[in-house]
Amino acid sequence: ERWGDHGTIIKGGPQFGWEDLSVDPNINLYKIFKGIGLAYSKLWVVGSNGKIYYSSDYGESWITQNSGVTTDLYDIKFRNESEGIIVGAAGVVRYTTNGGLTWLEDPYFSGITTDDIISLAVRDDHTATALIRGTTLDGGVTTTFYTVSSEPLSADDSKNSIPSDYSLEQNYPNPFNPTTKINYAIPQSGFVLLKVYDALGKE
């Protein structure tokens, strides 16, 4: 499939030709998601003005799903036939547990930003990562990599557990100029204050 501006959806391929299945010339389409496993024939497309289009027949026909928002939607992911998530402009995040029949405010991602969430990756049942596009004070563009999880995270899964006690590791590099890194662990989440003293005891 191909998709793009003005609600364009083209089905087919170079050896079979292309068939125009456009859904709405007044919107732009940004992302398509193809179902997996038993949902292989199902497709979802998101676009401008909060539009979601759904097909259960490999894209032969399309119906509109109500996202509950009117902002542009930039990405959509499903982890099974029923559970999916959409993200978009102004920090919009919605999720579904019934294949897109209803979309609800997401309890993890909603409210993390008012910038545009332009891309989403679902790691597992507990973790998702997003790319957030923002604007600097001087008008430049920034992109932030943001991860939300209901479980502790680590780059090394063997460390993906809550420590039983406090720990503070040696800084590195050492000696340093002008910056150094200090790893620490705490047994519960919360605000942390680290104070560094020189050899004379000065903070």
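Residues numbered from 1 in each chain as written. Predicted model: local features only at pLDDT ≥ 70, side-chain atom pairs only at ≥ 80, totals over all residues. Heavy atoms only, no water.

## Observations concerning the overall build of the chain
Right, on to step 1. Of the regular secondary structure elements, the chain holds 0 helices and 16 strands.
Right, on to step 2. Out of the 203 residues in the chain, the part that is buried amounts to 32%.
Right, on to step 3. Long-range contacts, defined as pairs at least 24 residues apart, comprise 29% of the intrachain contacts of the chain with a sequence gap of at least 6.
Right, on to step 4. Carbon together with sulfur atoms contributes 52% to the accessible area of the chain, which is approximately 13000 Å² in total. (Helix = DSSP H or I, 4+ residues; strand = E, 2+ residues; numbered from the N terminus. Buried < 20%, exposed > 50% of the residue type's maximum accessible area, 1.4 Å probe, protein only. Contact = heavy atoms within 4.5 Å. Areas by Shrake-Rupley, 256 points an atom, 1.4 Å probe, with all protein chains shown as cover.)

## A look at the sheet that holds strand E9 (residues 84-88)
For sheets, the rule is that strands pair by backbone hydrogen bonds, running either parallel or antiparallel.
Right, on to step 1. On the basis of which strands lie adjacent, the open sheet formed by 4 strands has the order E8-E9-E10-E11 and antiparallel pairing. Two strands lie at the open edges of the sheet, namely strand E8 (73-78) and strand E11 (104-105), each paired on one side alone.
Right, on to step 2. For E8 and E9, the ladder comprises 5 bridges, and the chain directions are antiparallel. Within E9, the residue paired with Leu-73 across the bridge is Gly-88. (Pairing = 2+ DSSP bridges.)

## Looking at the sheet that holds strand E14 (residues 141-149)
Right, on to step 1. Pairing within the open sheet is antiparallel, and its 3 strands lie in the order E12-E13-E14. Across the chains shown, the open sheet's two edge strands, defined by having one partner strand only, are strand E12 (116-122) and E14. Looking at each pair of strands side by side, their axes are set apart by 20 degrees on average, direction ignored.
Right, on to step 2. Pairing geometry for strand E13 (residues 127-135) and E14, over 9 bridges, is antiparallel. Across the sheet, the residue bridging to Thr-127 is Ser-149, located in E14. (Axes fitted to C-alpha atoms, helices over the stretch in contact; angles between N-to-C directions.)

## Describing a nonpolar patch on the surface
Right, on to step 1. A surface patch of nonpolar side chains, about 530 Å² in accessible area, is lined by Leu-168, Ile-182, Tyr-184, Val-192, Leu-194 and Val-196.
Right, on to step 2. Residue Leu-194 is classed as partly exposed on the basis of its relative accessible area of 44%. (Patch = residues over 30% accessible without salt bridge, like charges linked within 9 Å, V, L, I, M, F, W, Y side chains within 5 Å. Salt bridge = Lys/Arg side-chain N within 4 Å of Asp/Glu carboxyl O.)

## Remarks on the environment of Val-192
Right, on to step 1. With respect to the helices and strands, Val-192 occurs in the segment after strand E16 (184-185).
Right, on to step 2. Val-192 gets classed as partly exposed once you look at its relative accessible area, which sits at 37%.
Right, on to step 3. Each residue touching Val-192, except ones within four places of it in the same chain, is listed here: Tyr-184 and Ile-186.

## Considerations on the pattern of salt bridges
Right, on to step 1. Evaluation of the coordinates by the stated rule reveals 5 salt bridges.
Right, on to step 2. One salt bridge connects Lys-77 with Asp-75, and the closest N-O pair in it is separated by 3.1 Å.
Right, on to step 3. Here Asp-75 falls in the buried class, since its relative accessible area comes to 0%.
Right, on to step 4. In the salt-bridge network here, residues are joined through shared partners; they are Lys-31, Asp-75 and Lys-77.

## Quick look at the packing of aromatic side chains
Any aromatic ring pair is given by two values, namely how distant the centres are and how the planes are angled relative to each other.
Right, on to step 1. As enumerated under the stated definition, the model contains 6 aromatic pairs in all.
Right, on to step 2. Between the aromatic rings of Phe-33 and Trp-44, the centroid separation amounts to 6.4 Å while the plane-to-plane angle is 45 degrees, which identifies the pairing as tilted. Of the two residues, Phe-33 is situated in strand E4 (residues 29-34) and Trp-44 in strand E5 (residues 43-47); the sequence distance between them amounts to 11 residues. Accessibility classification places Phe-33 together with Trp-44 in one group, the buried group.
Right, on to step 3. Residue placement shows Arg-133 over the ring face of Tyr-74; its charged tip is 5.7 Å from the ring centre. (Phe/Tyr/Trp six-rings, centres within 6.5 Å; stacked < 30°, edge-to-face > 60°. Lys NZ or Arg CZ within 6 Å of the ring centre and 35° of its normal.)

## Thoughts on the pairing of strand E6 (residues 51-55)
Right, on to step 1. Of all 5 residues that make up E6, 4 are buried, and the element is covered over most of its length.
Right, on to step 2. Here E5 runs beside E6; their pairing, made up of 4 bridges, is antiparallel. Note that in E6 the partner of Trp-44 across the bridge is Tyr-54.
Right, on to step 3. Linkage of E5 to E6, two consecutive antiparallel strands, is achieved through a turn of 3 residues, within which Asn-49 is found at a positive phi near 60 degrees.
Right, on to step 4. The sheet contact formed by E6 and strand E7 (residues 63-66) spans 4 bridges and is antiparallel.

## Re unusual backbone geometry
Right, on to step 1. Positive phi outside glycine occurs at Asn-49, with the angle close to 60 degrees.
Right, on to step 2. As for its placement among the helices and strands, Asn-49 is situated in the loop between E5 and E6.
Right, on to step 3. Under the relative-accessibility criterion, Asn-49 is labelled partly exposed at 41%.
Right, on to step 4. Even without a glycine there, the phi angle at Tyr-58 is positive, about 60 degrees.
Right, on to step 5. Looking at the element boundaries, Tyr-58 is found in the loop between E6 and E7.

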